[in-house]
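Coordinates in review
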Amino acid sequence: MRNPYEVLGVEVGASQSEIRKAYLNKMKQYHPDKNNGDKNAERMAQEINEAYEILSNSGKQDYARINLERKKKNAIDLIKNLVYISDARKKELINFIEQSTNEFEITRCVNKATIIDQQEKQKIELRQYKQELLSKLDKEMLTVYEKMINCARTKAEVDEISKKIYRNKHIKLLKKIPFISQKRKNEYLRQIINSKDEVEIQFIMSTAYKQNEETIKIFKQYNMDIMVSMLNIDEISLIIDALQDGINIKDIKEFLEIYLILKSTGISKTSIQSLSKLNISEFTRKKLEELEKTVGQETKVDRSYCNNNKKIINKNKIYNEKIINDKIKEEIIIDKYSDFNQKR
């Protein structure tokens, strides 16, 4: 039944005279004799009588006990139906409710149980979310990010790590794309680092791959694809930079032919100077001059001292021996370049 205080329209703790007065007023309104067999009035009159009996001196204690037992039962049923809280914790809370004699304590215990259950649910969901992310990583990524992911306390933190992984993964892929100029590649890298979502990164990568394919088509068109395949990624970058700067493709091809000859015979200042005397484009001449400046920069003497004051070891001895044969190589280089010119 409904709360007897609500039925009579009095406050909790009302005096017997107030309860009696409210009872009489309600019965005048809903008495069956005054409502000509109205079923609703009969039901209300019955509720009013039951409420008055409960709130009379004889029934007050019984109502308080019944109401407390009802609250206990509802609270215990609610705790038993919680999904994520442990059985041991449920048992502890139920024991507390069964021993409690205060309605406020029971309500507080139920609220506490609901909060604990919600927290456990979030922990389980977070664990599953972390596991899903970890299962997508390769061994290399796993060693870097596993500890970071496991230490994350919220789903938002895991999402941030996931974005970071996605960005770094595509940064690595971008660096491996061979036929994009370094300037353009740096621009794409900056865009990926500053990107806010995966869609934006996918768009940047698709643009990079498209540009890569266009450059490959140009190389195939001018029969440069085989020559380019003989270069490392830094050397390819120089060729792409020249292409992006609008240098004539024929001039680039000429430099590439000469550079491959130098690579096959050994790059030295003498061989570069010999080739610079030939009838070559301004671009090729400029690149040879730049190449000449770099020759010998990595041949500084690396001195290593032994504890017994042994003689200094020159690790560039092999390089120095090669310089002796420069004159012989010069003739080979000129012959090879002549063969290239005839083929062109």
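Before reading further, recall that the structure is shown in the block above.
Since the structure is predicted, the reported quantities are computational estimates derived from the model, not experimental observations.

**Some words on the packing of helix H7 (residues 139–151) against helix H8 (residues 155–176)**
- It is at 10 Å that the axes of H7 and H8 come closest, and there the two elements cross at 165°. Between H7 and H8, the interaxial angle falls into the category roughly antiparallel. Every pair of crossing elements has a handedness; the one defined by H7 and H8 is right-handed. On the side of H7, the interface is formed by Glu140, Met141, Tyr145, Met148, Ile149 and Cys151, while H8 contributes Glu157, Ile161, Lys164, Ile165, Asn168, Lys169 and Lys172.

**Quick look at unusual backbone geometry**
- Backbone geometry at Asn223 places phi at a positive 55°, although glycine is not the residue there.
- Here Asn223 lies in the loop between helix H10 (198–221) and helix H11 (225–228).

**What to know about the packing of aromatic side chains**
- Across all of its chains, the model carries 4 aromatic pairs by this definition.
- Between the aromatic rings of Phe179 and Phe219, the centroid separation amounts to 5.6 Å while the plane-to-plane angle is 75°, which identifies the pairing as edge-to-face. Placement of Phe179 in the loop between H8 and helix H9 (182–194) and of Phe219 in helix H10 is noted, with a sequence separation of 40 residues between them. Taken individually, Phe179 and Phe219 each receive the classification buried, so the pair is uniform in this respect.

About the cut-offs
Residues numbered from 1 in each chain as written. Predicted model: local features only at pLDDT ≥ 70, side-chain atom pairs only at ≥ 80, totals over all residues. Heavy atoms only, no water. Axes fitted to C-alpha atoms, helices over the stretch in contact; angles between N-to-C directions. Helix = DSSP H or I, 4+ residues; strand = E, 2+ residues; numbered from the N terminus. Parallel < 35°, antiparallel > 145°, perpendicular 65-115°, else oblique. Left-handed = near helix turned anticlockwise from the far one by under 90°. Contact = heavy atoms within 4.5 Å. Phe/Tyr/Trp six-rings, centres within 6.5 Å; stacked < 30°, edge-to-face > 60°. Buried < 20%, exposed > 50% of the residue type's maximum accessible area, 1.4 Å probe, protein only.

Treat this as a map of the structure, not an account of what it does.
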